[in-house]
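Here are the chains, one letter per residue:
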Amino acid sequence: MSAAQDLRRKGRPPKTYLLLTDQNVHGHSEGTIPLPRGSMCSENQSSRNTAELMLEHDIIVQLDRKVLLEVPIDCVGLLEPVESENRLELRNNLEKLHDLASLPAGTPLWIRLGQADKLAEAELKYVGPRTTGSSSQFFGVELKGSAAGKGKGTGSGLFTCPDGCAFFVPVSHIALRHWSSGDEPDGQERERPPHRIILRHHPSQSHPGRHIRPPLPALPAQSQSLGGSAEPPPTGTQHPFSVGQRVRVSLKDSNVSGEVRFCGPLPRQASSMIYVGVVLDTPAGNWDGHYRGEKLCQIPSVLYAKLVPASKVSPAEPHHHAIPPPEVLKSIVKMSPPAAKPAPASPPTSAPKVALLPPPQKAFKPIPPLPPPKLLHNPLPPPPPPPPKPSDPTAAVAQHANGAHRPPSPPGSPAVDNGEALEVGSMVEVNDPPLYGVIRWIGHIDGILEVVAGIELEQELSAGTDGRYLGERHFRCPPDKGLFVKLCNCRRDSRFPAPEARVNQVARCNSIAFAEWGSECVKDETLPADGDEAKELYQGWKKGIQGHLNSCYLDATLFSLFSCCSSADWLLFCPSDDTLADQSSTRAQELLRCEIVNPLRRYGYVCASKTMALRRLLEAANGDAGFTNQEKDPEEFLNKLFLLLRVEPLLKIRSLTQKPQECHLFQLFPPHVPRSPSPPDSVLLPSPLFTPMRVASVQTLLESSFLHAGLKLAEGPSCLLLLMPRFGKDFKMFDVILPTLSLDITDLLDDTLRQCSICQALAHWECPECYEDGAITPGHLKQYCHTCNSQVHSHRKRTSHSPLEIAVPEGAFRGTLNLARQEMSLFAVTCIETSHYVSFVKHGPLPSDWLFFDSMADRQGGENGFNVPLVRPCPEVGCYLSLSEEELGRVDPVSLPERARRLLCDSYMCFYYSPELSLYK
């Protein structure tokens, strides 16, 4: 094959396939992955009989080509939003698929809307993606006939139509409407035509990092609607649903109504697919409001919430009612009598209705329970409101979702139901039998002394409004769903379990509540496990160190230090100086040895109550109340721990000829100019369409930090803890920091024999200015013997350098020196992502012997529940750690597996030990 042909082959887009049968495949470490028939996947690599495919979440699997059906590139975007079971049917009828995609503007269609057996009339307006950067092709239509008004918006800037008539559907949801409006009455719903239309969707399993595919040749430009509208498309992402909107969710067996609490792309996902978090009306959910540890919204109960793709969600059908006459209003909601006329002595058969009913029109003058302001001649001013409560994120979302045009009225004293304060966003019920809804506004209304709540009801009420009272808007909601009641008459929604009472989590950690999660106390000295024994001991759920109350910084650091390496065991046995030791130091050392380290190495698990005891000691010793409940950094924890244990510092570093300074950790600093990776010409490059990563190794950063600061190690450390250069989560000088597996510190030691960089003889001179010179042993410190120093600096480019003389031990040294290099081995890395620390630990000699630890990987129960720690093998990171800086810089970032990406892109601290100096200070 010629070079030109090879380049063309590398430059083609990856092929896309559909699965012909259901498959159960195995990822690197994800276990068995079920893939349903019709799942979509992208080619990563291929051979004659098998293909390596990329699924969503960066999962790579191997499949036999016999079970794959290739999708033409011009059909991929059309099939992406279609549910998996319908993709094969459409793929096998490409002629029909192309005909539907090339329909002209104004084509009459049938689309699925409402009940499963009913269709709605529509007119085609647009074909293309709904959001910028998406490759999924949708059909934008204008609803006609009886379906008019049941859509959303006016076309999201992609086309124009009357408000409430825009609707977007995939190709599987449309069928040609062959008859005209003259054949049958306009707007009449008809039976399903032969072309089957299914509402439910399955999220596309295509690779999230795939480039945007071009549209079908037969389609107009995506930037214009089919109707020729001049309205420009949106520049940002348009979310199809708003928070607080009533929707219907298509589940396996039924459609369930609910309310939107979240809408948008998922965090840390390369895919632009929109997901919707819905609070359902029935207990058919399984979502707690979080995704990968990040909170997306507030959820009242896991059983009533669901996170689904936007393709499975449709707006709830609105109903428009005319304002009912007074007789109807009186029959629907019975008003309370005025205070001057008490109720009869006989008990009522049901609880009184408590709605505030403003007159719907001027001609209607009922006797309301609280008269309007115009009927009061001398109204009493409302009482001054108390200081406002701290802002609540849920309340802010609710107010924003309802589009309030002015600030809400100052809230009064909130109602309290079973110890829970009712506020904006609270799910409540009123009346008996109850009406259910969500509080959208709390404040004062002129002429009404008590605090009033504006509620958006789940169901329409003939006496309801759209969020206005006496013509003044307080919030926004669909027509006939707004209701105003006194806040004291609201009750917490009884359909959901009562929220747990807040407790002192610090005290709870030492209570009997943690009895079932407790760990043993082991006083016998226990050495760390190694190799397969360590893997068998630690892997699984409820392994490692249990997290509790922002303890991940401590959990990850202790697991890194002690789980599989004994280099820090001197902390457990170091004798205390009687003149300095106190009871807290002895107790801390015993606690660390007998209740944390030894049980971890013996049983593979430590309860959070043990680490809380250590946190209490740290808090008492340092006078810092945040150690038991606040987020801290690993370096702050280690410095305070070493100070509490009163141990000798790990490092002694000298600056020029000054006295050595002692410290426990060393902060790496980036070089003045980050290295640029070589051009992407390696076989590791799966696609030529990517930006090379900026990569630096720990070896490079350590040498650069010492060189530019003029530092030397006064003695070789037994344990070296290095902090990576980070400047917050939003700015990183390097995309990737490569933890060097074997760290060479020979040239960083003071008063030791060093070799000439050129002839390997005894070095007498060191030149910091030659460090960046790539012509002489690039990437290393430059030191020379007398002869080489004269020759190197006689060059006109280096005459301005100022070499420094090296202190050489006394003795006669001639010829080439065969010196053993002093190297330190990597044994752990802690990483941080969105304020959460995890750790990677090397448990054996093989490159694949790596464990991943997360002290808060899962949770059982609500606020008063328990975090479940997890330790999982991650052998896939070994192949990336063995690469050089140049090779890693040529790797496509999208191809990195999840845990390899966290290790390389989010490293925070690297742990090294000296095999020769372990347990010796």
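Residues numbered from 1 in each chain as written. Predicted model: local features only at pLDDT ≥ 70, side-chain atom pairs only at ≥ 80, totals over all residues. Heavy atoms only, no water.

Novice: How would you explain the confidence of the model for the chain if you had to name every residue and give the values?
Specialist: For the chain, mean pLDDT is 74; residues scoring 70 or higher make up 71% of the total. Contacts from residues 673–689, a stretch scored under 50 in pLDDT, to residues over four places away or in other chains number 30 contacts. (pLDDT = per-residue confidence, 0-100. Contact = heavy atoms within 4.5 Å.)

Novice: So what about the sheet that holds strand 19 (residues 313–315)? Which residues, and what values?
Specialist: What holds strands together in a sheet is hydrogen bonding between their backbones, with the strands either parallel or antiparallel. Spatially, 18-15-14-13-19 is the arrangement adopted by the five strands of the open sheet, whose pairing is antiparallel. Looking at the sheet topology across the chains shown, the edges are occupied by strand 18 (305–309) and strand 19. On average, each strand axis in the sheet is tilted by 45° relative to the strand beside it, whichever way the strands run. (Pairing = 2+ DSSP bridges. Helix = DSSP H or I, 4+ residues; strand = E, 2+ residues; numbered from the N terminus. Axes fitted to C-alpha atoms, helices over the stretch in contact; angles between N-to-C directions.)

Novice: Lay out the nonpolar core with the relevant residues and their values.
Specialist: Across soluble globular proteins, you tend to see nonpolar side chains buried next to one another. Residues L614 and L722 are the most contacted members of the largest nonpolar core, which totals 102 residues. Looking at this core, the element that brings in the most residues is helix 9 (residues 552–562), giving eight residues. Listed in part, the 30 residues of the second largest apolar core include M40, L78, F139 and L143. (Core = buried A, V, L, I, M, F, W, Y, C linked by side-chain atoms within 4.5 Å. Buried < 20%, exposed > 50% of the residue type's maximum accessible area, 1.4 Å probe, protein only.)

Novice: A description of the packing of aromatic side chains should follow, citing residues and the corresponding values.
Specialist: Each aromatic ring pair is characterised by the separation of its centres together with the angle its planes make. One pass over the full model with this rule turns up 16 aromatic pairs. Ring geometry for W570 against F642: centres 6.3 Å apart, planes inclined by 40°, an arrangement best described as tilted. In this pair, W570 sits in helix 10 (residues 570–573) while F642 sits in helix 13 (residues 634–645), placing the two residues 72 residues apart along the sequence. Overall, the relative accessible area of 8% leaves W570 in the buried class. Overall, the relative accessible area of 2% leaves F642 in the buried class. Within the aromatic cluster, the residues linked to one another by ring pairs are W441, Y469, F475 and F484. (Phe/Tyr/Trp six-rings, centres within 6.5 Å; stacked < 30°, edge-to-face > 60°.)

Novice: Give a detailed account of the sheet that holds strand 42 (residues 783–784), specifying residues and quantitative values.
Specialist: Pairing in this open sheet of three strands is antiparallel, and the strands run 42-41-43 from one edge to the other. One side of each edge strand has no neighbouring strand; the edge strands of this open sheet are strand 42 and strand 43 (804–805). The pairing of strand 41 (residues 765–766) with strand 43 spans two bridges and is classified as antiparallel. For E766, the partnering residue across the bridge sits in strand 43 and is L804.

Novice: Please provide a residue-by-residue account of the packing of helix 11 (residues 583–603) against helix 12 (residues 608–622), values included.
Specialist: Running from N to C, helix 11 and helix 12 point in directions that differ by 170°, and their axes come no closer than 10 Å. One element, helix 11, and the other, helix 12, form an angle in the roughly antiparallel class. For the crossing formed where helix 11 meets helix 12, the hand is left-handed. Across the interface between the two elements, R587, A588, L591, L592, E595 and I596 from helix 11 touch K610, T611, A613, L614 and L617 from helix 12. Class assignment of the residues belonging to the contact of helix 11 with helix 12 gives a composition of seven nonpolar, one polar and three charged. (Parallel < 35°, antiparallel > 145°, perpendicular 65-115°, else oblique. Left-handed = near helix turned anticlockwise from the far one by under 90°. Nonpolar A, V, L, I, M, F, W, Y, C, P; charged D, E, K, R; others polar.)

Novice: Mind laying out the side chain of D555, listing which residues take part and the relevant values?
Specialist: Of note, D555 is situated in helix 9. Despite its burial, D555 pairs with no opposite charge, the nearest such side chain being R615 at 6.4 Å. Reaching out from D555, the side chain makes a polar contact with the side chain of S855 at a distance of 3.0 Å. Residues in contact with D555, not counting those within four places in the same chain, are I545, Q546, G547, T611, F853 and S855. (Lys, Arg positive; Asp, Glu negative; His and termini not counted. Salt bridge = Lys/Arg side-chain N within 4 Å of Asp/Glu carboxyl O. Polar contact = N/O pair within 3.5 Å; in protein donor to acceptor, adjacent residues only side chain to side chain.)

Novice: Give a description of the pattern of salt bridges that names residues and reports values.
Specialist: Going through the model one piece at a time under the given rule, you end up with 26 salt bridges. Across the pair R440 and E259 runs a salt bridge, and its minimum N-O distance is 2.8 Å. One end of the pair, R440, is in strand 24 (residues 435–443); the other, E259, is in strand 14 (residues 255–265), and 181 residues separate them in sequence. For R440, a relative accessible area of 4% puts it in the buried group. We note a salt bridge from E766 to K712, for which the minimum N-O separation is 2.9 Å. Of the two residues, E766 sits in strand 41 while K712 sits in strand 37 (residues 711–713), which places them 54 residues apart along the sequence.

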